[in-house]
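Each chain, letter by letter, is given below.
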Amino acid sequence: MQNEEFWMSWLFENFDLVASLTLNHAALSFTPIFLGFVIALVLGWTANRWLLFRSWIIAGGSILYTIPSLPLFVILPYLLGTRITDERNIIVALTIYALAILIRTVADAFAAVPTDAIEASRAIGYSSWNRFWHVEFPLAGPVLLAGLRVVSASTIALVSVGAIIGSANLGYLFTNGKQRDFLDMILIGIGASFLIALVFDIVLVLLGRVLMPWNKRTSLITNGRRILSTKGA
Amino acid sequence: MAFLLELTLYLLPTSRFARLARKVGADMIEFQNVTKRFPDGSFAVKDFSLVVPSRKVTVFVGSSGAGKTTLLRMINRMVNPTSGKVLIDGEDVAELDPVALRRKIGYVLQATGLLPHRRIIDNVSSVPRLNGVPKKKAREDALTLLDTVGLDRSLADRYPDQLSGGQQQRVGVARALASDPNIMLMDEPFGAVDPIVRLELQEEINRLQRELHKTMVFVTHNIDEAFAIADQVVILKSGGEIAQVGTPEEILSKPVDDFVSTFIGADKGKRTLHLKQGEDGVTVIVDDEGRPAGILGDAE
Ligand SMILES: Nc1ncnc2c1ncn2[C@@H]1O[C@H](COP(=O)(O)OP(=O)(O)OP(=O)(O)O)[C@@H](O)[C@H]1O
Ligand SMILES: [Mg+2]
């Protein structure tokens with residue numbers, strides 16, 4: 001009971017800190033999700049368009065995913081010429097992971113676009129450019145969205161690792177809480193991180209509803225689960 | 001008189017002349033020794049030559065694999081011939097930009113080919129939108145087109161999967177008409193609907209053609225359908241080999257060989273077809289029970 005009051009008063013006193021860590025955490029998560037998605041879109045579409053590249057690109061994605069995160073954070077400053085505390089290292093590292101997760105999903109999403117629709121749009125005079133924006137991209141949308149939701153959650157979780165190189169995000173609450181053996185701080189960090197993930201997910205789902213009104217299957221929970229389970233299979 | 005016309009044409013800038021010619025409406029399609037050979041060495045079409053007359057309905061009929069779709073798709077460059085040429089008003093389509101060419105030709109596909117993520121109204125207005133027609137205007141035109149093909153305007157905001165098969169086919173026809181093309185290609189557009197709806201849709205095509213006068217190339221493997229809508233029937237054997245070309249009347253009265261006789265079912269005595277003069281100067285084909293099997297020629 002007393003414990004509960006204690007973490008509440010701690011949160012109250014340190015609200016500004018937690019809020020700024022949360023905002024920075026969210027901002028740090030957004031960029032890799034966005035960049036990873038855009039790059040995966042290009043690569044995944046290419047993999048699907050030129051089957052020759054498909055196995056290479058997908059294998060490349062899988063290899064990226066096996067890079068352990070800790071050494072990556074250490075090596076990146078040398079590769080990029082950045083200072084070790086530079087947040088750009090985190091962004092690049094997380095973009096790589098986002099990319100690794102998304103490439104396959106994107107390739108599958110484009111492969112699942114009904115060939116009927118593609119053929120028909122070609123036959124009535126859509127150029128490749130028009131076809132991509134007006135046919136392939138929207139029809140791949142539901143699967144792309146499902147993939148984005150997974151990546152959003154995993155990126156938000158991974159950002160905390162950046163705290164070990166001094167990034168001011170919710171990971172700080174974990175490392176600091178651990179050092180001070182202050183469990184509540186860790187729990188507050190987890191709570192805030194969960195909150196960000198929830199907000200991102202809701203935004204993604206709402207975006208999906210607005211942009212894909214024909215698709216009635218996007219629900220808050222099932223879509224993320226579905227893609228996770230197919231990934232394992 | 002002829003001299004005056006020639007002089008006028010001479011004085012007109014060529015581009016305007018070309019446009020005029022298009023308006024006046026040649027839109028004749030000509031296949032010249034067209035062959036399509038696939039990498040595996042098989043021939044879909046072998047040395048095919050045919051003139052598709054302007055502003056008439058030409059129907060390719062033949063059994064599955066005869067090369068009908070391949071022939072159709074060579075007109076809008078969805079398939080490029082291995083050798084030979086396809087000409088539209090004397091112009092080799094191989095020299096035209098495929099995207100621009102396809103936007104000028106209406107195409108109704110076998111499996112409707114509607115875009116599942118777009119409302120009916122947006123499906124119908126796709127090509128005008130690509131051509132830069134403002135959204136509002138394109139949508140208004142699309143509503144008018146729904147009237148034209150006999151669809152209720154209340155369907156405009158639905159998605160394709162909320163329509164019946166027959167309704168979807170009509171949307172496909174409306175979409176093909178949207179850019180007011182002079183040439184319409186229709187690949188078994190009514191293959192997936194029940195016989196009654198099919199008859200209705202054939203009637204609809206005849207009605208549209210009486211109003212719009214397109215150069216129409218229609219593919220089917222149903223000979224009754226061919227007779228119901230064609231000005232010119234082209235009966236194909238495999239490899240796009242022409243068994244017979246002619247008006248429905250000619251083919252019915254003088255099948256050139258056993259293949260054609262068998263194909264039109266005349267040999268089976270299953271049905272004897274007669275021609276009957278109907279109202280509005282329409283010649284109706286009726287079977288021996290007096291049921292109409294089709295309509296001959298133009299209304300005028
Ligand atoms: N890409 C391809 N590669 C090899 N052969 C092909 C290809 N496309 C079509 N063919 C062959 O060409 C022949 C003609 O095909 P086409 O689609 O034109 O027939 P069709 O008359 O339209 O048949 P259906 O009535 O079944 O639609 C067929 O034997 C088909 O197998
Ligand atoms: Mg076919």
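Here, the structure is the one placed above.
The structure contained in this document is the topic of the report that follows. In this text the structure is predicted, and so the values were computed from the model without any measurement. (Residues numbered from 1 in each chain as written. Chains lettered and ligands numbered in written order. Predicted model: local features only at pLDDT ≥ 70, side-chain atom pairs only at ≥ 80, totals over all residues. Heavy atoms only, no water.)

**A few points about the layout of surface pockets**
All names here are of chain A.
Move 1: Counted as a void, the largest pocket has a volume near 1000 Å³.
Move 2: The biggest single contributor to the lining of the largest pocket is helix α7 (residues 128-159), with 9 residues.
Move 3: Along the lines of polarity and charge, the residues of the lining of the largest pocket split into 24 nonpolar, 7 polar and 6 charged. (1 Å grid on protein atoms, 1.4 Å probe; cavity = no way out; pocket = protein on both sides within 12 Å on 5 of 7 lines; lining within 4 Å. Points joined across faces, edges and corners; volume = space filled by probe spheres on them. Helix = DSSP H or I, 4+ residues; strand = E, 2+ residues; numbered from the N terminus. Nonpolar A, V, L, I, M, F, W, Y, C, P; charged D, E, K, R; others polar.)

**Let's talk about a nonpolar patch on the surface**
Move 1: On the surface, A:Phe30, A:Phe34, A:Leu35, A:Val38, A:Ile39 and A:Val42 cluster together into a nonpolar patch covering about 520 Å² of accessible area.
Move 2: Tracing the backbone shows A:Leu35 in helix α2 (residues 15-49). (Patch = residues over 30% accessible without salt bridge, like charges linked within 9 Å, V, L, I, M, F, W, Y side chains within 5 Å. Areas by Shrake-Rupley, 256 points an atom, 1.4 Å probe, with all protein chains shown as cover. Salt bridge = Lys/Arg side-chain N within 4 Å of Asp/Glu carboxyl O.)

**Some words on unusual backbone geometry**
All names here are of chain B.
Move 1: For Asp 47, which is not glycine, the phi torsion reads 45° and is therefore positive.
Move 2: Note that Asp 47 resides in strand β2 (residues 43-52).
Move 3: The residue Arg 55 is not glycine, and still its phi comes out positive at about 60°.
Move 4: Here Arg 55 is to be found in the loop between β2 and β3 (57-62).

**Points about the site of ligand 1**
All names here are of chain B.
Move 1: Inspection of the region around ligand 1 gives Phe 38, Asp 40, Ala 44, Ser 64, Gly 65, Ala 66, Gly 67, Lys 68, Thr 69, Thr 70, Glu 188 and His 221 as its neighbouring residues.
Move 2: Within the backbone of Ala 66, a nitrogen or oxygen atom sits 3.1 Å from an oxygen atom of ligand 1.
Move 3: Note that an oxygen atom of ligand 1 is positioned 2.7 Å from one of the side-chain N or O atoms of Lys 68.
Move 4: With the chains in place, 61% of the 630 Å² that ligand 1 exposes on its own is no longer accessible.
Move 5: In terms of residue count, the dominant contributor to the shell around ligand 1 is helix α3 (residues 68-75) (3 residues).
Move 6: Of the residues that constitute the shell around ligand 1, the class distribution is 3 nonpolar, 6 polar and 3 charged. (Near = heavy atom within 4 Å. Polar contact = N/O pair within 3.5 Å; in protein donor to acceptor, adjacent residues only side chain to side chain.)

**Quick notes on the packing of α2(A) against α7(A)**
All names here are of chain A.
Move 1: With their axes 9 Å apart at the nearest point, α2 and α7 run at an angle of 140° to one another. Classified by the angle between their axes, α2 and α7 sit oblique to one another. When you trace α2 past α7, the crossing you get is right-handed. Of the residues in α7, those in contact with His 25, Leu 28, Ser 29, Pro 32, Ile 33, Phe 37, Leu 41, Trp 45 and Arg 49 of α2 are Ser 128, Arg 131, Phe 132, Glu 136, Phe 137, Leu 144, Leu 148, Val 151, Ser 152, Thr 155, Ile 156 and Val 159.
Move 2: Per-class residue counts for the contact of α2 with α7 are 13 nonpolar, 5 polar and 3 charged. (Axes fitted to C-alpha atoms, helices over the stretch in contact; angles between N-to-C directions. Parallel < 35°, antiparallel > 145°, perpendicular 65-115°, else oblique. Left-handed = near helix turned anticlockwise from the far one by under 90°. Contact = heavy atoms within 4.5 Å.)

**Observations concerning the nonpolar core**
Move 1: Grouped together as the largest cluster of nonpolar side chains are 81 residues, with contacts concentrated most on B:Ile29, B:Phe31, B:Phe60 and B:Ile75.
Move 2: Per element, the largest residue contribution to this core is 10 residues, and it comes from α7(A).
Move 3: If near-sequence neighbours (up to four positions away) are discounted, B:Phe31 is found in contact with B:Phe48, B:Ser49, B:Leu50, B:Val52, B:Phe60, B:Leu71, B:Ile75, B:Lys85 and B:Val86.
Move 4: Of all hydrophobic cores here, the second largest spans 45 residues; its members include B:Leu145, B:Phe190, B:Ala230 and B:Val260. (Core = buried A, V, L, I, M, F, W, Y, C linked by side-chain atoms within 4.5 Å. Buried < 20%, exposed > 50% of the residue type's maximum accessible area, 1.4 Å probe, protein only.)

**With respect to the sheet that holds strand β4 (residues 83-88) of chain B**
All names here are of chain B.
Move 1: Overall, antiparallel pairing links the 4 strands, which are arranged β2-β1-β4-β5 in an open sheet. Among the strands making up the open sheet, the edge pair consists of β2 and β5 (91-92).
Move 2: Contacting β1 (29-37), β2 and β4, α3 runs over the sheet at an angle of about 120° to β1. (Pairing = 2+ DSSP bridges.)

**A closer look at the sheet that holds strand β9 (residues 232-236) of chain B**
Residues and elements named next belong to chain B.
Move 1: The mixed open sheet is built from 6 strands, whose spatial order is β6-β7-β8-β3-β9-β10. The sheet is open, and its two borders are formed by β6 (105-108) and β10 (242-246), each paired with just one other strand. Pairwise comparison of adjacent strand axes, ignoring direction, gives a mean angle of 15° for this sheet.
Move 2: Bridge analysis of strand β7 (residues 183-187) against strand β8 (residues 215-220) gives 5 bridges, and the strand direction is parallel. Pairing of Met 184 across the sheet is with Met 216, part of β8.
Move 3: Contacting β6 and β7, helix α8 (residues 165-177) runs over the sheet at an angle of about 170° to β6.

**Describing the pairing of β9(B)**
Residue and element names in this part refer to chain B.
Move 1: Counted residue by residue, β9 has 5 buried out of 5 residues, so it is predominantly covered.
Move 2: Neither face of β9 is exposed, since Gln 232, Val 234 and Leu 236 on one face and Val 233 and Ile 235 on the opposite face are all buried.
Move 3: Bridging between β3 and β9 involves 5 bridges; their strand directions are parallel. For Thr 58, the partnering residue across the bridge sits in β9 and is Gln 232.
Move 4: As paired strands, β9 and β10 are joined by 4 bridges and run antiparallel to one another. The residue of β10 that forms the bridge with Val 234 is Val 245.

**Considerations on helix α7 (residues 135-148) of chain B**
All names here are of chain B.
Move 1: The end-to-end C-alpha distance of α7, which contains 14 residues, comes to 20 Å, matching closely the 20 Å that a straight helix rising 1.5 Å per residue would cover.
Move 2: Restricting attention to buried positions, one finds in α7 the residues Ala 138, Ala 142, Leu 145 and Leu 146. Down the axis of α7, the buried set is contained in an arc of 105°. They therefore lie on one face.
Move 3: Taken together, the buried residues of α7 touch α5 (120-124), α6 (126-130) and α8.
Move 4: Where α7 ends, the next residue or the one after it, Gly 150, has phi of about 75°, a positive value. (Expected span 1.5 Å × (residues − 1). Arc of directions from axis to C-beta.)

**Side note on the interface of chain A and chain B**
Move 1: In this complex, chain A contributes 19 residues to the contact, which on the side of chain B involves 20 residues.
Move 2: Across the interface of chain A and chain B, roughly 1800 Å² is buried in total on both sides, 62% from carbon and sulfur atoms.
Move 3: It is A:Ala123, A:Ile124 and A:Tyr126 in chain A that bury the most area against chain B; as a group they hold 33% of the surface buried on that side.
Move 4: Where chain A meets chain B, there are 1 salt bridge. (Buried area = accessible area lost by both parts, 1.4 Å probe.)

Shape descriptors only; they carry no functional weight alone.
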